[in-house]
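# Secondary and tertiary structure notes
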Amino acid sequence: MKHKRGRRVVDIDENDDKMWAWLVSNGVGASFLCISLFALLVRVAVSFHSYSGAGNPPKYGDFEAQRHWMEITINLLAKEWYCNSTSNDLSYWGLDYPPLTAYQSYIHGLFLNSVLPDSVSLFTSRGHESYLGKLLMRWTVLSSDILVFFPAVFYFIVAYARPTKGPSHIAWHIAVILLSPWLIIIDHGHFQYNCISLGLTLGAVAAILSNRELVACTLFCCALNHKQMSAYYAPAFFCHILGRCLKRRNPILEVAKMGIIVLGTFAVIWWPYLHSLESCLQVLSRLAPFERGIYEDYVANFWCTTSVLIKWKKLFTVQSLKLLSLSATTLSALPSMIQQIRTPSNQGFLYALLNSSFSFYLFSFQVHEKSILLPLLPASLLALEEPLIYGWLTHFGMLSMFPLLCRDKLKLAYIALSALFTLVYYAPGRRQHSRVKQYRPSILKSSIIIALILSSLVLHVVYVAVNPPERYPFLFEAIIMLLCFTQFALVAVYSNTKQWMISDEPSLIDKEKKWL
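Residues numbered from 1 in each chain as written. Predicted model: local features only at pLDDT ≥ 70, side-chain atom pairs only at ≥ 80, totals over all residues. Heavy atoms only, no water.

### Some points on the overall build of the protein chain
Counting its regular elements, the protein chain contains 24 helices and two strands. Taken across its 516 residues, the protein chain has 54% of its residues classed as buried. (Helix = DSSP H or I, 4+ residues; strand = E, 2+ residues; numbered from the N terminus. Buried < 20%, exposed > 50% of the residue type's maximum accessible area, 1.4 Å probe, protein only.)

### Observations regarding the pattern of salt bridges
Tallied over the full model, the rule gives ten salt bridges. Between Glu 254 and Lys 257 there is a salt bridge, with the nearest N and O atoms lying 3.5 Å from each other. One end of the pair, Glu 254, and the other, Lys 257, are both in helix α11 (residues 251–269), three residues apart, so they sit about a helical turn from each other. Glu 386 serves as the salt-bridge partner of Lys 498, at 2.8 Å between the closest nitrogen and oxygen. (Salt bridge = Lys/Arg side-chain N within 4 Å of Asp/Glu carboxyl O.)

### Describing helix α17 (residues 373–381)
Summarising burial for α17: nine of the nine residues are buried, a large majority. Regarding α17, the residues found buried are Leu 373, Leu 374, Pro 375, Leu 376, Leu 377, Pro 378, Ala 379, Ser 380 and Leu 381.

### Side note on unusual backbone geometry
Note the cis peptide between Pro 57 and Pro 58, where omega equals 10°. Among the structural elements, Pro 58 can be located in the loop between α2 (28–47) and α3 (62–75). Within the chain, Asn 211 stands out as a residue other than glycine whose phi angle is a positive 65°. Its identity is not glycine, yet Lys 409 carries a phi of approximately 60°, on the positive side. In this structure Lys 409 comes out as exposed when scored by relative accessible area, which is 62%.

### Some details on the nonpolar core
Of all hydrophobic cores here, the largest spans 139 residues; its most connected members are Phe 149, Phe 156, Trp 182 and Phe 488. Apart from the residues within four sequence positions on either side, Phe 488 is in contact with Ala 300, Phe 358, Tyr 361, Leu 362, Ile 372, Leu 393, Phe 396, Gly 397 and Ser 400. (Core = buried A, V, L, I, M, F, W, Y, C linked by side-chain atoms within 4.5 Å. Contact = heavy atoms within 4.5 Å.)

### What to know about the packing of aromatic side chains
Taken as a whole and assessed by the stated rule, the structure comprises 27 aromatic pairs. Note on Tyr 232 and Phe 360: the rings are 5.2 Å apart at their centroids and 25° apart in plane angle, and the pair reads as stacked. In this pair, Tyr 232 sits in the loop between α9 (213–224) and α10 (234–246) while Phe 360 sits in helix α16 (residues 346–363), placing the two residues 128 residues apart along the sequence. The class of Tyr 232 is buried, set by a relative accessible area of 5%. What links up through ring pairs into an aromatic cluster is the set Trp 172, Tyr 390, Phe 421, Tyr 425 and Tyr 426. Over the aromatic face of Tyr 92 sits the side chain of Arg 126, whose NZ or CZ is 4.1 Å from the ring centroid. Cation over ring: Lys 313 sits above Tyr 295, and NZ or CZ is 4.3 Å from the ring centre. (Phe/Tyr/Trp six-rings, centres within 6.5 Å; stacked < 30°, edge-to-face > 60°. Lys NZ or Arg CZ within 6 Å of the ring centre and 35° of its normal.)

### Re the side chain of Ser 210
When you line up the elements, Ser 210 lands in the loop between α8 (194–209) and α9. For Ser 210, a relative accessible area of 8% corresponds to the buried category. Engagement of the side chain of Ser 210 in a polar contact is seen with the backbone oxygen of Ala 206, the distance being 2.9 Å. (Polar contact = N/O pair within 3.5 Å; in protein donor to acceptor, adjacent residues only side chain to side chain.)

### Description of the side chain of Asn 301
Topologically, Asn 301 is positioned in the loop between α12 (277–287) and α13 (302–306). A residue is classified by how much of its surface remains accessible, and Asn 301, at 0% relative accessible area, is buried. Of note is the side chain of Asn 301, whose polar atom sits 3.1 Å from the backbone nitrogen of Cys 304.

### Observations regarding α2
In a regular helix each residue adds 1.5 Å, so 20 residues correspond to 28 Å; α2 covers 28 Å between its end C-alpha atoms and thus fits that length. Where the residues of α2 are buried, they touch α5 (131–160), α6 (168–178), α7 (181–191) and α20 (411–425). (Expected span 1.5 Å × (residues − 1).)

### Digging into the packing of α6 against α20
Two elements in contact, α6 and α20, have axes separated by 10 Å at closest approach and are oriented at 165°. If you check the angle between α6 and α20, you find them roughly antiparallel. Judged by the sense of rotation from one axis to the other, the crossing of α6 with α20 is left-handed. Between α6 and α20, the residues in contact are Trp 172, Ala 175 and Val 176 and Phe 421, Val 424 and Tyr 425, respectively. Here the residues of the contact of α6 with α20 are counted per class, giving six nonpolar, no polar and no charged. (Axes fitted to C-alpha atoms, helices over the stretch in contact; angles between N-to-C directions. Parallel < 35°, antiparallel > 145°, perpendicular 65-115°, else oblique. Left-handed = near helix turned anticlockwise from the far one by under 90°. Nonpolar A, V, L, I, M, F, W, Y, C, P; charged D, E, K, R; others polar.)

### A word on the environment of Gly 127
Along the chain, Gly 127 turns up in the loop between α4 (99–115) and α5. The residues contacting Gly 127, other than those within four sequence positions of it, are Tyr 60, Glu 64, Arg 67 and Tyr 92.

### Some details on the packing of α9 against α11
In contact at an axis separation of 9 Å, α9 and α11 are set at 35° when each is read in the N-to-C sense. Note on packing geometry: the crossing formed by α9 with α11 is right-handed. The segment α9 lies against α11, with Glu 213, Leu 214, Cys 217, Thr 218, Cys 221, Cys 222 and Leu 224 engaging Lys 257, Met 258, Ile 261, Val 262, Thr 265, Phe 266 and Ile 269. Looking at the contact of α9 with α11, its residues break down into ten nonpolar, two polar and two charged.

### A closer look at the environment of Lys 227
Mapped onto the secondary structure, Lys 227 falls in the loop between α9 and α10. Residue classification places Lys 227 among the buried residues on the basis of a relative accessible area of 5%. Counting along the chain gives 29 residues from Lys 227 to Leu 198, while the straight-line C-alpha distance between them is 9.1 Å.

### Structural notes on the confidence of the model for the protein chain
Overall, the predicted model of the protein chain reaches an average pLDDT of 89, with 89% of residues at or above 70. Segment residues 1–15: pLDDT under 50, and 56 contacts once partners within four positions in sequence are set aside and those in other chains are kept. A low-confidence stretch, residues 504–516 stays under pLDDT 50, and its non-local contacts, those more than four residues away or across chains, total 25 contacts. (pLDDT = per-residue confidence, 0-100.)

Dropping the structure here:
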């Protein structure tokens, strides 16, 4: 590997497979366009499947929640969006994401209102599921993906990997990111807009790799203000940027510049609510749903998995659980944070993103199954370096969401996307890191790996085909949760260890000092 101005240069073997080489014969831009068109077609195909809460009154599901927010934002004033009233019943899918999500809903609502006003009319549109309405809703997600996530992926690829020999492995990297089954099935199947917050985060990561910290701060603040779960990455961003600032000639000035950008971005986004403290607190109260409990459903994190033995919700008050989760999350993220403050590096930053997001997923308060998307994003960015880890995490990340996706009637889409990803992942000419080539697991390790894969495949079949015992109706969900939790915890331990093993990259810091 080589470094030029902090940008990662990937050395590729000259004997690249022709399967990928033809894609990049005209440059990375042309290959990205070809893969993007195919990825877009895959998204369109998934959009024809069912979605969360389809035909399931009275509250339906996430599809209805997103539609309802469009209904609220285009019919009420901004100051009323987060307040309970006769026009805005917060018990019926009340808006519980930051203002940028509300603005996005407003823009999409205007689009739906211009084509099909009945789909977003106040009160009367609840549960609207006409064919045209569903088509328009699906289009809003597709357009968001095209406008935010796809450009962010391209920006990251350009910033992270500049091949000096054959660039076919870069095409493979583009493919495994754009064809990630976990993002496609949640956004275009289940129905959400994770592509926006993850796209903004990815753009911020690319800006960091390009040494544009001010741009990174702006983009990450936007991600935080679109979905509060983007805070999973906050420790990594904060510590990496702080570590960089502290190694420059005027660290106080550098930190002050970052602070001004952060405050300015937040002020612009929160402007409609800055007229009073009460308005700000009302919005904040909607962003922290502590009343839902420390976990939801059967999520594969520490609290839900250990609840089989320790009844956290019965033994502890909400206040105690908030303190426990905060302490556990902070302690688990601390080693990664310290490493980035001491020796910030681009590669270490990517591992820090993975470690920070895992700390939140495993230990924070109110985690949902879909939250596994947050650790999976940085894992996908490390796919060239850690192909085994990314493939493993994708497999068990999808398994952890399998019960949820079955309820959404997305089993066929789940199988198709998993099969497509497997074909791309194992395609000839894919990235093979030298460590992977040299790695020869022992018979015991190979047996464990095979047993885990077979167990996960059997669990898929059993969950669909076998009825659980009446006494334990959620037995299969609990087994899936336990299996996935162990894999996530092991990967988190490995990733934290790997981050501390990364070289310090003094040349990057020395160059930064010379430039400033």
